[in-house]
Amino acid sequence: MSAGLLLMLLPLLLGYLLPPRGPRFEHAVGRLLELIVYLILALMGASLAGLDDLGRQLGRIGLQAATLFVILAVCNLAALWLLVGRRGASEQDASAFVPSSGLAASLGGSVILLLAVAAGTFAGLLLPPLAEHAGSAAEAALYLLLGLIGHQLRHADISLKRVLLNTLGVRIAIALVFSSLVAGAIAAPLLGLPVHQGMALASGFGWYSLSGILISDQLSAFHGGIAFFNDLARELLAVLLLPLLIRHTPGTAIGYCGATAMDVTLPLIRRAGGLSCVPVALVSGFLLSALAPPLMLTLLAFTG
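Conventions and cut-offs
- The residue numbers shown here count from 1 along each chain, following its written sequence.
- Owing to the predicted nature of the model, reporting of local features is limited to residues with pLDDT of at least 70; listing and counting of side-chain atom pairs is limited to 80 or more, with chain, interface and lining totals taken over all residues.
- Side-chain metrics rest on all non-hydrogen atoms present in the structure, leaving aside hydrogens and water.
- Each helix is a run of DSSP H or I of at least 4 residues and each strand a run of E of at least 2, with the numbering of both proceeding from the N terminus.
- We call a residue buried when its accessible area falls under 20% of the maximum for its residue type, exposed when it is over 50%, and partly exposed in between, using a 1.4 Å probe and counting protein chains only.
- Any two residues having at least one pair of non-hydrogen atoms within 4.5 Å are treated as being in contact.
- Exposure was quantified through the Shrake-Rupley algorithm and a 1.4 Å probe, taking into account, for residues, occlusion by the shown protein chains and nothing else.
- Pairing of aromatic side chains requires ring centres within 6.5 Å, counting the rings of Phe and Tyr and the six-membered ring of Trp. Pairs whose planes differ by under 30 degrees are stacked, by over 60 edge-to-face, and all others tilted.
- By nonpolar core we mean a set of buried residues, namely Ala, Val, Leu, Ile, Met, Phe, Trp, Tyr and Cys, connected to one another through side-chain atoms within 4.5 Å.
- Simply put, an axis is a line fit to the C-alpha atoms, just over the touching stretch for a helix, and the angle between two N-to-C directions goes from 0 to 180 degrees.
- Any angle from 65 to 115 degrees is called roughly perpendicular, while one under 35 is roughly parallel, one over 145 is roughly antiparallel, and all others are oblique.
- With the far helix as reference, a near helix turned anticlockwise by less than a right angle produces a left-handed crossing, and one turned clockwise produces a right-handed crossing.
- Each residue is assigned to one of three groups, with Ala, Val, Leu, Ile, Met, Phe, Trp, Tyr, Cys and Pro labelled nonpolar, Asp, Glu, Lys and Arg labelled charged, and all others, Gly among them, labelled polar.

S.K.: So what's going on with the overall build of the protein? Which residues, and what values?
M.R.: Broken down by element type, the protein carries 13 helices and zero strands. Tracing the protein from N to C terminus, the helices and strands come up as α-α-α-α-α-α-α-α-α-α-α-α-α. Counting all 304 residues of the protein, 51% fall into the buried class. Of the contacts made within the protein by residues no fewer than 6 positions apart, 83% connect residues no fewer than 24 positions apart. Carbon and sulfur atoms make up 70% of the accessible area of the protein, which amounts to about 13,200 Å² in all.

S.K.: Explain the packing of aromatic side chains to me, and be specific about the residues and the numbers.
M.R.: The tally for this structure, following the rule as stated, stands at two aromatic pairs. Aromatic pair tyrosine 208 and phenylalanine 228: ring centres 5.8 Å apart, planes at 90 degrees, arrangement edge-to-face. Linking tyrosine 208 in helix H9 (residues 208-218) with phenylalanine 228 in helix H10 (residues 221-245), this pair joins segments that are 20 residues apart in sequence. Per residue, the accessibility class of tyrosine 208 equals that of phenylalanine 228, and both read buried. Taking 5.1 Å as the distance between ring centres and 80 degrees as the angle between the ring planes, the aromatic pair formed by phenylalanine 228 and phenylalanine 229 counts as edge-to-face.

S.K.: Hey, could you go over H9 for me, with residue numbers and the actual values?
M.R.: Within H9, nine of the eleven residues are buried, which leaves it mostly tucked inside the rest of the structure. Within H9, burial applies to Tyr208, Ser209, Leu210, Ser211, Gly212, Ile213, Leu214, Ile215 and Ser216.

S.K.: Outline the nonpolar core, listing residues and values.
M.R.: Grouped together as the largest cluster of nonpolar side chains are 88 residues, with contacts concentrated most on Leu41, Leu145, Ile254 and Ile269. The biggest single contributor to this core is helix H13 (residues 277-300), with twelve residues.

S.K.: Which residues make up the packing of helix H5 (residues 128-155) against H9, and what are the values?
M.R.: The interhelical angle for the contact between H5 and H9, taken along N-to-C directions, is 135 degrees, at an axis separation of 10 Å. In terms of orientation, H5 lies oblique with respect to H9. The two elements H5 and H9 meet at a crossing, and its hand is left-handed. Of H9, the residues touching H5 (which contributes Gly135, Glu139, Leu142, Leu145, Leu146 and Ile149) are Leu210, Ile213, Leu214 and Asp217. Grouping the amino acids of the contact of H5 with H9 by side-chain chemistry returns seven nonpolar, one polar and two charged.

Printed below as a string of structure tokens:
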């Protein structure tokens, strides 16, 4: 295991070891995490501004992101249908969850993140020194981001017992992880990448605010843009598919939401599928959120 991988995983572990400190502290952590995400995405945009022939490069990013997105969608949906099928959600652990946001809020959040990238790109074009040093600044902020993510995973307070008992949530996570790795391996030669890098780009599980940042830091702003737009498109398609699929194949619908099933798309899952879908979404989303950072970093550690 490389020193670089250990350096990136250390803040994640330290953050997880920090115990919850009360509602006010956790609210402040959530707000700080949100601000850091905006900052790093803006810095990612500034790094994009430093690419030669930016207009053509953005077209390449869009084409490669679309290629990865289509392959991922086919592999993920096929695997979820085969391994999860028409199984319904269990009523166990169905706590009285009250949705806090809806479709408009979810889409609004995606638009804000896109605007952060666009604002950073514009600033990088106006200020070339910013584009030159944006990568270093983003790397420093990334360490803090990983620490806060680790703490939030601890704060989610999903016990091992709860995970193991919710077999549908575990099956969903397994299906999504392995089908994403297969999709990344298939897409890699089409993207002109080694297999392990293609797998890394496919391992964000819809967590676009993290995948774009990690890939930009470890590979390049160009590849970070591919990861970001691929995972953003995944969330948007998940939002559209949820009402259509969840009544007929809840496991597939919840699974395609990926890591966002425990936060961004959870209110939509609750609304479309009912309270019984909440525990499944929490468990699958938690497992995928916990796996995404170390899996991407491990795959990227092979980059010489």
